[in-house]
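# Structural features, examined
Each chain is listed here by its residues.
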Amino acid sequence: MRRISVSLTAIAIALALCGQSLAAPDGAAIYNKCLGCHKPNGAGMPGLFPPLAGDAARLVKANRDFPVDVILFGLKGEIRAGGKTYNGTMPAYGGGLKDDEVAAVLNYILSNWGNDKLLPAGHKPFTAAEVKKERARKLSPEQVHEVREKLKLN
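Residues numbered from 1 in each chain as written. Predicted model: local features only at pLDDT ≥ 70, side-chain atom pairs only at ≥ 80, totals over all residues. Heavy atoms only, no water.

### Describing the pattern of salt bridges
The line we're drawing: Salt bridge criterion: a side-chain nitrogen from Lys or Arg within 4 Å of a carboxyl oxygen from Asp or Glu. We call a residue buried when its accessible area falls under 20% of the maximum for its residue type, exposed when it is over 50%, and partly exposed in between, using a 1.4 Å probe and counting protein chains only.
Scanning all chains against the criterion turns up eight salt bridges. Glu134 is the partner of Arg137 in a salt bridge, and the nearest nitrogen-oxygen pair spans 2.8 Å. We classify Arg137 as partly exposed; its relative accessible area is 41%. A single salt-bridge network, built from bridges that share partners, covers Asp65, Asp69, Lys133, Glu134 and Arg137.

This is the structure:
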C-alpha cells in the first residue's frame, strides 16, 4: 500500500512539473524588466527611452522582425519616435530571455496601450519559432540601429 502511495505521489509531482514547464510565459510578468525605462503605461522617458504606446505597432508595420531584433540584441544610437529624439541605450535581452518569452513580451506590448488598434490587418501574434529564426542573426546593438535607419523609422 505504501509503495502505491509513493508512486502516485511521484506521478502527481511529475505531472505538476510538466504542467508548469508547458505553461506559456506571462508577457506582463516579463514586461516588469522593461518598466524602469518604458514605464508601466508604455510612455517611455523623455529624451532617453521612446514610448512603446503607439510606437511598437509602427515598428511591426515597418518590419515584423525589427521589434524582435531590438529585444534580442538591443539598440544603440540616437532615434526619433513621435517627432521626439531619444538617445538611451536599449540593452540586449536575448541572453536572458527564451524565444517563447520574447514572443510573449512582444505580444503583451502589442496588445496594450492602444497598439492593438494600430496593428496591420491580419496581424498574428509572435511565435517562439519566429524569435528563434531571428536570434540566429546575432546582431550588435549598433547593427540594429543601422537596420532602423534603413527602415526610415526616424
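### Concerning the environment of Ile30
Quick note on the threshold: Only DSSP runs of H or I reaching four residues or more are called helices, and only runs of E reaching two or more are called strands; each is numbered from the N terminus. Every residue pair with non-hydrogen atoms within 4.5 Å of one another is taken to be in contact.
For Ile30, the location among the structural elements is in helix α2 (residues 27–31). Between the alpha carbons of Ile30 and Leu106 there is a distance of 9.7 Å; along the sequence they are 76 residues apart. Setting aside residues no more than four positions away along its own chain, Ile30 makes contact with Pro25, Leu97, Glu101, Ala104 and Val105.

### Some words on the side chain of Asp99
Put simply, the rule is: Think of a polar contact as two N or O atoms within 3.5 Å of one another; within protein, one of them needs to be a possible hydrogen donor and the other a possible acceptor, and neighboring residues in sequence only count if both atoms come from side chains.
On the secondary structure map, Asp99 appears in helix α6 (residues 99–110). Under the relative-accessibility criterion, Asp99 is labelled buried at 17%. Polar side-chain contacts of Asp99 include one of 2.7 Å to the side chain of Arg135. Other than its neighbours up to four places away in sequence, Asp99 contacts Ala128, Val131, Lys132 and Arg135.

### Some points on the packing of aromatic side chains
Geometry of an aromatic ring pair is reported as the spacing of the ring centres plus the angle between the planes. The test is simple: Aromatic rings from Phe, Tyr and Trp, taking only the six-membered ring of Trp, are treated as a pair when their centres fall within 6.5 Å; an angle between ring planes under 30 degrees marks them as stacked, one over 60 as edge-to-face, and anything in between as tilted. In this scheme, the term charge over a ring applies when either NZ of a lysine or CZ of an arginine sits within 6 Å of the ring centre and within 35 degrees of the ring normal.
Overall, the coordinates contain three aromatic pairs when judged by the stated rule. With 5.2 Å between their ring centres and 50° between their planes, Tyr31 and Trp113 make a pair best called tilted. With a gap of 82 residues between them, Tyr31 in helix α2 and Trp113 in the loop between α6 and α7 (115–118) connect regions that are remote in the sequence. Overall, the relative accessible area of 2% leaves Tyr31 in the buried class. Given a relative accessible area of 23%, Trp113 falls into the partly exposed group. A network of ring pairs unites the aromatic residues Tyr31, Tyr108 and Trp113 as a single cluster. The ring of Phe126 is capped by Arg64, whose NZ or CZ atom sits 4.1 Å from the centre of that ring.

Without other data, these values stay purely geometric and don't point to any function.
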